[in-house]
Amino acid sequence: MSLNHAKLDAKKRESMRISINHIAKTEGHFSFEGALFNGDIARAKIITLEGARLIEGMLVGRPYYEAPILTSRICGICPIVHMLTSIKAIEKAFGVKVSEQTIILRKILENAQIIHSHALHLFFLSGPDFFPPKADPPLAENFSNDLKFIKKFPKETAIAVRLRDYALNIVKIISARAVHNLTPEVGGFKKLPDKQKLQKSLNEIDKAIADAESLIKFFAKLKYPHFQRKTNFACLSSDLPAKALASAEALAKEGLAKNKEYSIYDGDICLTSPASNCHSPIKSGNPVKKTVIPLADFFKHFKEEEFPKEMVKRAKFDLSPVALAKGEGKVYMIGAIARINNNFKFLNEKSKKAWKQFADKPPIYNSFYNVAAQAVECLELLLQIEKDLKILIKKPAAPAAVSFKIKAGKGLGAVEAPRGTLYHYYELDKNGIIKKCQIITPTAQFLNNLEDDLKEYLPKTKKMSAKEREQKLKTLIRAYDPCIACATH
Amino acid sequence: MNRRFYYWVDILGMKNKKLKIGIFSLTCCEGCEFAILDLGEKFLKLAEKVDIINFRLLEENKHPKIEEYDVAFVEGSPITKENEKTLKKIRKNSRLLVALGNCAAMGGIHQIKNWEHAAGGSSPTNYESKRITNKSKIVKAVYKYWQYVENPAVPRLDEVVKVDFTIPACPISGEEFLEIVYNLINGKKLKEKTNPVCRECQTRGFACLLQKGQICLGPITCGGCGAVCLSGSQPCWGCRGRIKNSKGSEEAVANLLNHLTKNYPAKKIEWAKEFFGIKKELG
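This one's a predicted model, so the numbers in the text were calculated from it and none came from an experiment.

Colleague: Could you give me a rundown of the overall build of chain A, with the residues and numbers involved?
Modeller: Helix and strand counts for chain A stand at 20 helices and 14 strands. For chain A, with 489 residues in total, the buried portion stands at 63%. The long-range share in chain A, meaning contacts at least 24 apart out of those at least 6 apart in sequence, stands at 72%. Accessible surface computed for chain A: about 19000 Å², of which carbon and sulfur atoms make up 54%.

This is how it looks when you write it as structure tokens:
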């Protein structure tokens, strides 16, 4: 059979086409297009509809101090992580060493940012999807408008709003505004927060922790669709790269390894892949192959791919830089589920226990559980905030920022955003003018993984009604918490 | 503001029906929508008083094409052709169209690419103009397949459709949004703020960054923000637009620009003026 005939034949056999335009309740605009051939071979594509703002290009020729302010405006829900990542990258380029106080404040700020983003996504954007459409009256349909969902669950709504407000308040105390934050800058902060206000937040943290625990209980009761697909997970981690590990004992003796915790603000890149071959059954606690890549080697192992008419540059990784250069990169998953999978051992005992309400020990290969991972992270990050606030309040105040010399250089920064690791890279000249800027956002990294998940999941929906299928596909897409505004920037 | 606007404010206030409101976003960060959501309980209370019939952050329903809105709030920039079509459709279906935030009102950070930096000076590129400007260099710096990227000079909403009212700032203040919607519900006339940010900054006792040697546009920028940037020691770069129609505003603008020109390199002043698009208003 000639190729053309094969194509025609495939067209005839194409049994089902699915397209969902303008998927709501996410950040940014995008559509889904999928098809099932013979009921089991699937095609799935996420088509982004966001206009390109060319933020990276705009910054070229402009001063370094504009970068955190401009890049924070990439995204209205995660401005802090863009701001901090760009600051870290520029500090790397200038060789700035910030104070411990600055690091603690930034950690609190970033953790609070993740909590308020998670609380919104969990309860308002993704949560309503998980109510089974078979209930009478069909809930998912009713809850397509959140204002109705809110009326049905007034108690839980109050908890989610309260938790979000708690985190937003911390953000406001430290950075002077919730959206498009003001105080963080290269070298530290423009202004230090009022310690009394922070003390007040600390006094109220028990209630916030109780709220996070109630939210976890609520989400543990939901029904998560049965679905699994083995994939690779990447995130920042306190685990040390192999080279550093060789002298791990020495490091431990020096006490450098004592501050290990569930990484958000800092770390090297931890990559895990299923150790067994892809056909073996998936069990909880399956062995994984772990590699820790020094952050500085990021560009050796990760690469953005460009295609005509695609505004999002999707990223792939490969442990072999040679294979990557040849275009043989692998698809990977990031975000809350990747962090729980890779860094489970670093969680507080309380958070580990909370995870048990959802599933056994990780790794977990069901992307719907990203929602569960976000719920547990709300608790974990509150516990970290509690610890950090206590340290900060006890310490006598250091200067808000350190002084530094502007010089030519290159720098890469990485911070965990709510949706996964965010990378910023800058090249600066001797006057601090930006010569090159590259931003690799979480959504650009996980879009390939999302499509692979959708391809695997589509055949499982073939017996569903068209309406139920659309709802289930949206549930999977929204569980990823995609941000196309970030991805396109 | 025009007479037609007041006409509708009167009509809307007289109706005993709930206001039908739509909140739309074109290409942007959606930060203004989040500023509204961040109102939390206050937002939920407002949602009981008006019919929010389009807010895609909160609801799934697709709306029939001919739906009509009493008030449409639009944030972001019409960067793509699709954006422009949407914007024109919203205009057609709405009694009042309110530009929400700095992108909608002044082009926002997106309009930075409209300026060219050739030969020391910089001049505005006309929307519609086909001149090769900075923006073509910019798109080539970002995309390999740049020829497929829609890259117009970024317009303000009122350069594409008629805009009835503006809520400025990057991002908007949620409280200001609330105040305006409640005024619309009650049929109260809306007032544009005429005092400069500088006055609000002094009232609140924040340190003067201009005196400390930083470029601050507070003396010539419309207030209403409570000098929030200054509360975080960030100088004002004019995201609410320049003061006008008030006594002494022309003089204030001339004075500040004079002061800046004497004390700072031209490039540095231009950067601050370009950031949120106040440069176009300053001429």
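Colleague: Provide a residue-level description of the pairing of strand β13 (residues 420-428) of chain A, including the pertinent values.
Modeller: All names here are of chain A. Among the 9 residues that make up β13, 8 are buried, leaving the element largely enclosed by the rest of the structure. Across 9 bridges, the pairing between strand β12 (residues 409-417) and β13 is antiparallel. Note that in β13 the partner of Ala414 across the bridge is Tyr423. Linking β12 back to β13 in an antiparallel pair, the connection comprises 2 residues.

Colleague: Which residues make up the sheet that holds β13 of chain A, and what values do they have?
Modeller: All names here are of chain A. Here 3 strands make up an open sheet; going across it, the order is β12-β13-β14 and the pairing antiparallel. Looking at the sheet topology across the chains shown, the edges are occupied by β12 and β14 (434-440). Taken over all neighbouring pairs, the strand axes of this sheet differ in orientation by 15 degrees on average, direction set aside. With 6 bridges connecting them, β13 and β14 associate as antiparallel partners. When the bridges of β14 are listed, Tyr425 appears paired with Gln438. Strands in contact with helix α4 (residues 79-94) are β12, β13 and β14; relative to β12, the strand with the most contacts, it is inclined by about 150 degrees. The sheet strands contacting helix α18 (residues 442-457) are β12, β13 and β14, and the helix crosses β13 at an angle near 130 degrees.

Colleague: Explain the packing of aromatic side chains to me, and be specific about the residues and the numbers.
Modeller: Under the counting rule described, the total for this entry stands at 32 aromatic pairs over all chains. With centroids separated by 6.0 Å and ring planes inclined at 40 degrees, the aromatic side chains of Trp355 of chain A and Phe358 of chain A adopt a geometry described as tilted. Take Phe358 of chain A: its relative accessible area is 10%, and that puts it in the buried class. Ring geometry for Phe43 of chain B against Phe55 of chain B: centres 6.0 Å apart, planes inclined by 80 degrees, an arrangement best described as edge-to-face. Of this pair, Phe43 of chain B sits in helix α3 (residues 41-49) while Phe55 of chain B sits in strand β2 (residues 51-55), and the two are 12 residues apart along the sequence. Residues Phe43 of chain B and Phe55 of chain B agree in their burial class; the two are buried. Ring-pair connections join several aromatic residues into one group, and the members of that group are Phe130, Tyr224, Phe227, Trp355, Phe358, Phe368, Tyr369 and Tyr457 of chain A. Across from the ring centre of Trp146 of chain B, 4.6 Å away, lies the NZ or CZ of Lys140 of chain B, which sits over that ring.

Colleague: Describe in detail the interface of chain B and chain A, supporting the description with residues and values.
Modeller: Contacts between chain B and chain A engage 54 residues on the former and 64 residues on the latter. Buried surface at the junction of chain B and chain A, summed over both partners, amounts to about 5300 Å²; 63% is from carbon and sulfur atoms. For the pair chain B and chain A, the interface holds 2 salt bridges. Notably, a salt bridge pairs Arg62 of chain A with Glu274 of chain B, separated by 2.8 Å at the nearest N-O pair. Here chain B is connected to chain A by 14 residue pairs in polar contact (both at pLDDT 80 or more).

Colleague: Got a sec to walk through the confidence of the model for chain A? Specific residues and values, please.
Modeller: Chain-level pLDDT for chain A is 89 on average; 89% of the residues reach the 70-or-more range. Overall, residues 133-140 of chain A carries pLDDT values under 50, and its contacts beyond four positions in sequence, including any with other chains, amount to 10 contacts.

Colleague: Could you give an account of the pattern of salt bridges, naming the residues involved and the relevant values?
Modeller: Evaluated as defined, the whole model comprises 45 salt bridges over all chains. Salt-bridge contacts for Asp38 of chain B lead to Arg164 of chain A; the nearest nitrogen and oxygen are separated by 2.2 Å. A residue pair is termed interchain when its members come from two chains, as with Asp38 of chain B in the loop between α2 (31-37) and α3 and Arg164 of chain A in helix α8 (residues 154-175). Of the two residues examined, Asp38 of chain B and Arg164 of chain A, each falls in the buried class. Across the salt bridge formed by Arg314 of chain A and Glu310 of chain A, the nearest N and O atoms sit 3.4 Å from each other. The exposure class assigned to Arg314 of chain A is buried, which follows from its relative accessible area of 3%.

Colleague: Residues and numbers for the nonpolar core, please.
Modeller: Membership of the largest hydrophobic core comes to 222 residues, with the highest contact counts inside it found for Phe32, Phe219, Tyr224, Trp355 and Phe358 of chain A together with Phe73 and Phe177 of chain B. Examining the composition of this core, we find that 13 residues originate from one element, helix α17 (residues 370-394) of chain A, more than from any other. For Trp355 of chain A, the contacting residues outside a window of four places in its chain are Ile340, Phe344, Asp360, Pro362, Ile364, Ala372, Ala373 and Val376 of chain A. Counting 15 residues, the second-largest nonpolar core is a separate cluster that includes Tyr69, Leu97, Val160 and Val161 of chain B.

Colleague: Now, about the side chain of His489 of chain A: what can you tell me, with residues and values included?
Modeller: If you trace the backbone, His489 of chain A turns up in the segment after α20 (484-488). Ignoring any residue separated from it by four or fewer positions in sequence, one finds His489 of chain A in contact with Arg53, Leu54, Ile55, Glu56, Ile74, Ile439 and Thr441 of chain A.

Colleague: Describe the sheet that holds β2 of chain B, naming the residues involved and giving the relevant values.
Modeller: Residues and elements named next belong to chain B. Sheet architecture is open: 5 strands sit in the order β2-β1-β3-β4-β7, paired in parallel fashion. Each of the sheet's edge strands pairs with one partner strand only, and the pair in question is β2 and β7 (165-167). Adjacent strand axes in the sheet meet at a mean angle of 25 degrees when their direction is disregarded. Looking at chain direction, strand β1 (residues 20-25) and β2 are connected through 4 bridges and run parallel.

Colleague: Now, about the packing of helix α16 (residues 349-356) of chain A against α17 of chain A: what can you tell me, with residues and values included?
Modeller: All names here are of chain A. Interaxial distance between α16 and α17 falls to 9 Å at its minimum, and their mutual angle equals 165 degrees. By the criterion of interaxial angle, the relationship of α16 to α17 is roughly antiparallel. Seen along the crossing, α16 lies across α17 with a hand that is right-handed. Across the interface between the two elements, Lys350, Ser351, Ala354 and Trp355 from α16 touch Ala372, Ala373, Val376, Leu379, Glu380 and Leu383 from α17.

Colleague: Please provide a residue-by-residue account of helix α5 (residues 100-126) of chain A, values included.
Modeller: When the terminal C-alpha atoms of α5 of chain A are compared, their 37 Å separation across 27 residues agrees well with the 39 Å that a helix rising 1.5 Å per residue should span. Buried residues dominate α5 of chain A, accounting for 25 of its 27 residues.

Colleague: A description of the state of the cysteines should follow, citing residues and the corresponding values.
Modeller: All names here are of chain B. Tallying each qualifying case throughout the model produces 0 disulfides over all chains. The closest cysteine sulfur to the non-disulfide-bonded Cys29 is located on Cys28, 5.7 Å from its own sulfur. Of the cysteine sulfurs around Cys225, a residue in no disulfide, the closest is that of Cys236, at 6.6 Å. Relative accessible area serves as the criterion here: at 24%, Cys225 is assigned to the partly exposed category.

Colleague: Residue-level account of helix α19 (residues 466-479) of chain A, with values.
Modeller: Residues and elements named next belong to chain A. Taking 1.5 Å of rise per residue, 14 residues should cover 20 Å, and α19 covers 20 Å from first to last C-alpha, within 8% of that figure. Taken across its 14 residues, α19 has 10 buried, putting it largely inside the fold. Buried within α19 are the following residues: Arg469, Gln471, Lys472, Leu473, Lys474, Thr475, Leu476, Ile477, Arg478 and Ala479. Asp481, located one to two residues past α19, shows a positive phi value of around 60 degrees.

Conventions and cut-offs
- Residues numbered from 1 in each chain as written.
- Chains lettered and ligands numbered in written order.
- Predicted model: local features only at pLDDT ≥ 70, side-chain atom pairs only at ≥ 80, totals over all residues.
- Heavy atoms only, no water.
- Helix = DSSP H or I, 4+ residues; strand = E, 2+ residues; numbered from the N terminus.
- Buried < 20%, exposed > 50% of the residue type's maximum accessible area, 1.4 Å probe, protein only.
- Contact = heavy atoms within 4.5 Å.
- Areas by Shrake-Rupley, 256 points an atom, 1.4 Å probe, with all protein chains shown as cover.
- Pairing = 2+ DSSP bridges.
- Axes fitted to C-alpha atoms, helices over the stretch in contact; angles between N-to-C directions.
- Phe/Tyr/Trp six-rings, centres within 6.5 Å; stacked < 30°, edge-to-face > 60°.
- Lys NZ or Arg CZ within 6 Å of the ring centre and 35° of its normal.
- Buried area = accessible area lost by both parts, 1.4 Å probe.
- Salt bridge = Lys/Arg side-chain N within 4 Å of Asp/Glu carboxyl O.
- Polar contact = N/O pair within 3.5 Å; in protein donor to acceptor, adjacent residues only side chain to side chain.
- pLDDT = per-residue confidence, 0-100.
- Core = buried A, V, L, I, M, F, W, Y, C linked by side-chain atoms within 4.5 Å.
- Parallel < 35°, antiparallel > 145°, perpendicular 65-115°, else oblique.
- Left-handed = near helix turned anticlockwise from the far one by under 90°.
- Expected span 1.5 Å × (residues − 1).
- Disulfide = S-S within 2.5 Å.

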